[in-house]
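Descriptive analysis of the structure
So you can see what is in the structure, the chains are spelled out below.
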Amino acid sequence: METKTVDQKKIITGLSIVLAILLLVAVALPPRVQDDPEKQTTAVETTTVPPTTAEPTVPPPEAGIYGPTDFQFDGDYLTCLSGKSIPGIDVSEHQYDIDWKQVKAAGIEFVMIRVGFRGYETGLVKPDKRALEYYQGAVAAGLDIGVYFFSQATTPEEAIEEARFVLDFTAGWDLKYPVVYDWEYISDTARTANVDRRMLTDCSIAFCEEIRSAGRNPMVYFNRRQGNTQLYLYELEDYPFWLAMYSYRMTYPYKVEMWQYTNQGKVPGIEGDVDINLWLEYD
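Remember, it's a predicted structure, so these values are computed and weren't measured experimentally.

Focus: the overall build of the protein
What the protein contains, in helices and strands, is seven helices and 11 strands. Split into buried and exposed, the 283 residues of the protein put 48% on the buried side. The long-range fraction of contacts in the protein, counting pairs at least 24 apart against all pairs at least 6 apart in sequence, stands at 69%. Accessible surface, the protein: about 14200 Å² in total, of which carbon and sulfur atoms supply 53%.

Observations concerning helix H6 (residues 197-213)
With 17 residues, H6 should cover 24 Å at 1.5 Å per step; its first-to-last C-alpha distance of 24 Å lies within 8% of that length. Among the residues making up H6, those that are buried are Arg 197, Leu 200, Thr 201, Cys 203, Ser 204, Ala 206, Phe 207, Cys 208, Glu 210 and Ile 211. The elements touched by buried residues of H6 are strand E6 (144-151), helix H5 (156-169), strand E7 (179-183), strand E8 (218-223) and helix H7 (224-229). Capping of H6 at its N-terminal end is provided by Asp 196; its side-chain oxygen lies 3.3 Å from the backbone amide nitrogen of Arg 198.

Considering H5
Helical geometry: 3.6 residues make up each α-helical turn, so side chains three or four residues apart lie on a common side. Along its 14 residues, H5 runs 20 Å from first to last C-alpha, staying within 8% of the 20 Å computed at 1.5 Å per residue. Here H5 has its buried residues at Pro 156, Glu 158, Ala 159, Glu 162, Ala 163, Phe 165, Val 166 and Leu 167. On its buried face, H5 is in contact with strand E4 (110-118), strand E5 (125-127), E6, E7 and H6.

Things to note about the nonpolar core
Within soluble globular proteins, side chains that are nonpolar generally end up buried alongside one another. Ile 89, Trp 100 and Phe 207 are the most contacted members of the largest nonpolar core, which has 62 residues in total. When residues of this core are assigned to their parent elements, the largest contribution, six residues, is made by H6. Apart from the residues within four sequence positions on either side, Trp 100 is in contact with Ile 89, Val 91, Val 111, Tyr 134, Gly 137, Ala 138, Ala 141 and Leu 143. Counting 12 residues, the second-largest nonpolar core is a separate cluster that includes Met 112, Tyr 148, Val 180 and Met 258.

Thresholds applied
- Residues numbered from 1 in each chain as written.
- Predicted model: local features only at pLDDT ≥ 70, side-chain atom pairs only at ≥ 80, totals over all residues.
- Heavy atoms only, no water.
- Helix = DSSP H or I, 4+ residues; strand = E, 2+ residues; numbered from the N terminus.
- Buried < 20%, exposed > 50% of the residue type's maximum accessible area, 1.4 Å probe, protein only.
- Contact = heavy atoms within 4.5 Å.
- Areas by Shrake-Rupley, 256 points an atom, 1.4 Å probe, with all protein chains shown as cover.
- Expected span 1.5 Å × (residues − 1).
- Polar contact = N/O pair within 3.5 Å; in protein donor to acceptor, adjacent residues only side chain to side chain.
- Core = buried A, V, L, I, M, F, W, Y, C linked by side-chain atoms within 4.5 Å.

In structure tokens form, the structure reads like this:
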């Protein structure tokens, strides 16, 4: 009996040592990196701050017409009191299964679908795994459609490649909303870390012009910090703006056509959080 107890103690001690070694190895290893930018960044407005630009201040774009008192909730969604606004959502494969009939019944009128992304490490262009499924389901439910591409382009040539991917992927799709260029800063270790203001503006123009030349309507997506420090917005005014600003008050001073006002929205038919947007119509 005594020998068995000693053996058990030896086994337990050995297992404890093995577990301790495994724990040390796990801590020492770098975290597994996801190449999909939307797995890396869960909130557009709280991503790593991009490097500051040394370039001079540039002329501002067109002033906006809406202020903090022009929006309030009408039921579950924010609405514009001073003009027409349309509630919508944007989705990627990370929303998983979606009941589009429930989404439509809940008052959502349009959806912006991610059709693909470029890896922030590999630089490879990849389709969103559920884009076609989402398109078919949303159309069947009576929702209007727009699309976006999550870019990590470092040159205008890469941006054009992304635009052509989107055009090929959505050939035959009925798009009532724009095709959006969504470039976001990831980190100082991503392949896009050294993309400066001039280059990012040129990439945005290259993507949008390629989309426009194919007869589609382009759009540029950005958050407030990015618009202030990483883009020459006055050069992009030929395209509508989609602003990510998580607030229930409009405090952005420039004109935007679409406002992503939360990334923690709740919509029947979608499990978990979803981005909710307002499309703003101007006379």
